[in-house]
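# Residue-level structure breakdown
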Amino acid sequence: MIEENLKKIKAALPEHVTLVAVSKTKPNEDIMEAYESGHRDFGENKVQEMTQKHEDLPKDIRWHMIGHLQRNKVKYMAPFVHLVHGVDSLRLLKEINKQAKKHDRVIDCLLQMHIAKESTKFGLDDEELEALLTSEEFRLMENVKIKGLMGMATFTENHNVITEEFTYLKSRFDALKERPEQWPQLDMEILSMGMSGDYDLAISCGSTMVRIGSSIFGERSCKFK
Ligand SMILES: *Cc1c(COP(=O)(O)O)cnc(C)c1O
C-alpha cells in the first residue's frame, strides 16, 4: 500500500518538486517499505524519534527535521540531519551553527515563516525575518546555510485562504532570491510548503518541496502529533 501510494504521488509531482515522506509516529517497517521502493527523503518532527530511526535504518536516508525544535535537542541530530525545515529564531540558528561546527559540517536550514491565521503555528513574521538576516550574529555563522523558506497554511477547507498564504510565502522567497548580492549567505533553492491536504495547491503556488505523511503511510492515530 505504501509503495503504491508513493508511486502514485511521485508520478503526479512535477520534476522540480522534491517529496519528503513524513514518517513521524510510523514504525521502521513502514519506512523500509518506502526505502525499498527507492525513496530516500523522510521527515520527522521529534528529534528523539528521528535519532532512533537514524540509528536503526540505512545510513543513506536523508532525514528532514520538519517539527518545532527545542535548542537543547539540536545536539542529538547535528551529526546526521540533512535539512532543518523549522528554523524560527536567531537563537535556534545559533545553536544549530554551534553544534554543526562541533561535527565539522555545514547544516542546511530553511527559515520558517508564520503564514497561517492560527496562532498555534510557529514561524517568523516579516520583521523578524529581516532582523535575523541583517544581524551581525547571522553574518558570522559559518556552519549553517539557509537554503530557503518553509511554511504551513491554515488548516481549512477554504482554498482561497490557503492560496493566499502560499502565494505570500512564495513572494517572500522570490524577494530574497532575486537579490543575491544583498544576501550572500543565502542559497535560495527550496520552498517547502504543502502537506497531504494541500500539496497540489502549494505546487501551483510555487512549492519546490512537499512534506506528505498520511497520504503515503495512512492516518496517524493522533492528528496533531
Ligand atoms: C505532520 C506534518 C506534515 C505531514 O502532514 P500530512 O497531513 O500527514 O501529510 C507536514 N509538515 C509538518 C510540519 C508536519 O508536522
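Each remark here, short or long, concerns the structure printed above.
My aim in this report is to walk through the structure given alongside it, one point at a time. Bear in mind that the values here come from a model prediction, so they are computed numbers and not experimental data.

The rules behind the values
- For every chain, the first residue of the written sequence is number 1, and numbering continues from 1 onward in sequence order.
- Reporting of local features is limited, given that this is a predicted model, to residues whose pLDDT is at least 70; pairs of side-chain atoms are given and counted only at 80 or more, and all residues count toward the totals for whole chains, interfaces and linings.
- Excluding hydrogens and water, the side-chain values take into account all heavy atoms of the structure.
- A helix here means a DSSP run of H or I that spans at least four residues, while a strand means a run of E at least two residues long, and both kinds are numbered starting from the N terminus.
- What the globule rule says is 2.2 Å times the number of residues to the power 0.38, and the radius of gyration is computed from C-alpha atoms.
- Residue burial is assigned from relative accessible area. The probe radius is 1.4 Å, only protein chains are included, and a residue is buried under 20% of its type maximum, exposed over 50%, and partly exposed in between.
- Working rule for contacts: check all heavy atoms of both residues, and any pair within 4.5 Å makes them a contact.
- Note on geometry: axes are lines fitted to C-alpha atoms, helical ones only across the stretch in contact, with angles between N-to-C directions running from 0 to 180 degrees.
- Any angle that is under 35 degrees is reported as roughly parallel, and any over 145 degrees as roughly antiparallel; angles of 65 to 115 degrees are reported as roughly perpendicular and all others as oblique.
- Note on convention: near helix rotated counterclockwise from far helix by under a right angle means a left-handed crossing. Clockwise means right-handed.
- Nonpolar residues are Ala, Val, Leu, Ile, Met, Phe, Trp, Tyr, Cys and Pro. Charged residues are Asp, Glu, Lys and Arg, and all others, Gly as well, are polar.
- A side-chain nitrogen of Lys or Arg and a carboxyl oxygen of Asp or Glu constitute a salt bridge if their distance falls within 4 Å.
- DSSP calls a pair of strands paired once it identifies at least 2 bridges connecting them.
- Only a single heavy atom is needed: when it lies within 4 Å of a molecule or strand, its residue is near that molecule or strand.
- N or O atoms closer than or at 3.5 Å make up a polar contact, with two conditions inside protein: a donor-capable atom paired with an acceptor-capable one, and, for residues adjacent in sequence, both atoms drawn from side chains.
- Methods summary: accessible areas were calculated by the Shrake-Rupley approach with a probe of 1.4 Å, and residue burial reflects only the protein chains presented.
- Stacked, tilted and edge-to-face pairs are distinguished by plane angle, under 30 degrees for stacked and over 60 for edge-to-face with tilted covering the rest, among Phe, Tyr and Trp rings (Trp via its six-membered ring) whose centres lie within 6.5 Å.

## Focus: the overall build of the chain
A count of helices and strands for the chain gives 10 helices and 8 strands. A compact globule built from 225 residues should have a C-alpha radius of gyration of about 17 Å, and the chain, at 17 Å, falls within 12% of that. Across the 225 residues that make up the chain, the buried fraction comes to 50%. Partitioning the intrachain contacts of the chain with sequence separation of at least 6 by distance along the chain shows that 60% fall at a separation of at least 24.

## Details of the packing of helix H1 (residues 2-12) against helix H2 (residues 28-36)
Between H1 and H2, the least distance of the axes is 9 Å, while the angle of their chain directions is 50°. As judged from the angle between their axes, H1 and H2 are oblique. As H1 packs across H2, the resulting crossing turns out to be right-handed. Between H1 and H2, the contacting residues are Ile-2, Glu-3 and Leu-6 on the first element and Asp-30, Glu-33 and Ala-34 on the second. In terms of residue class, the contact of H1 with H2 is made up of 3 nonpolar, no polar and 3 charged.

## Side note on the pattern of salt bridges
Throughout the structure, instances matching the rule amount to 12 salt bridges. Glu-137 serves as the salt-bridge partner of Lys-94, at 2.7 Å between the closest nitrogen and oxygen. Of this pair, Lys-94 sits in helix H5 (residues 90-102) while Glu-137 sits in helix H7 (residues 136-139), placing them 43 residues apart in sequence. You can call Glu-137 partly exposed: its relative accessible area is 37%. The partner of Arg-139 in a salt bridge is Glu-136, with the nearest N and O atoms 3.0 Å apart. Here the residue Arg-139 and the residue Glu-136 both occupy positions in helix H7, the gap between them amounting to 3 residues, near one helical turn. When its relative accessible area of 52% is taken as the criterion, Arg-139 is described as exposed. A residue is classified by how much of its surface remains accessible, and Glu-136, at 45% relative accessible area, is partly exposed. Taken together, the salt bridges that share partners define one network made up of Glu-44, Glu-49 and Lys-53.

## A few points about the pairing of strand S8 (residues 209-212)
Of the two faces of S8, both are covered, the one formed by Met-209 and Arg-211 as well as the one formed by Val-210 and Ile-212. Examined bridge by bridge, strand S1 (residues 18-22) and S8 share 4 bridges and lie parallel to one another. Residue pairing for S8: Ala-21 is matched across the bridge by Ile-212.

## Considerations on the site of the ligand
Every residue lining the ligand is accounted for by Val-22, Lys-24, Ile-66, Met-150, Met-152, Met-195, Ser-196, Arg-211, Ile-212, Gly-213, Ser-214 and Arg-220. Here Ser-196 contributes a side-chain N or O atom positioned 2.5 Å from an oxygen atom of the ligand. Residue Arg-211 places a side-chain N or O atom 2.8 Å away from a nitrogen atom belonging to the ligand. When the ligand is considered free in solution it has 380 Å² of accessible area, and contact with the protein chains removes 90% of it.

## Brief notes about the packing of aromatic side chains
Throughout the structure, instances matching the rule amount to 1 aromatic pair. Centroid distance Phe-42 to Trp-63: 6.1 Å. Interplanar angle 45°. Geometry classified as tilted. Separated by 21 residues along the polypeptide, Phe-42 in strand S2 (residues 41-44) and Trp-63 in strand S3 (residues 62-65) bring together distant segments of the chain. Judged by relative accessible area, which is 0%, Phe-42 ranks as buried.

## Some thoughts on the environment of Pro-79
Its place among the elements puts Pro-79 in the loop between helix H4 (74-77) and strand S4 (83-87). A sequence separation of 48 residues divides Pro-79 from Ile-31, and the C-alpha atoms of the two residues are 21 Å apart. The contact partners of Pro-79, leaving out residues within four places of it in the chain, are His-103 and Arg-105.

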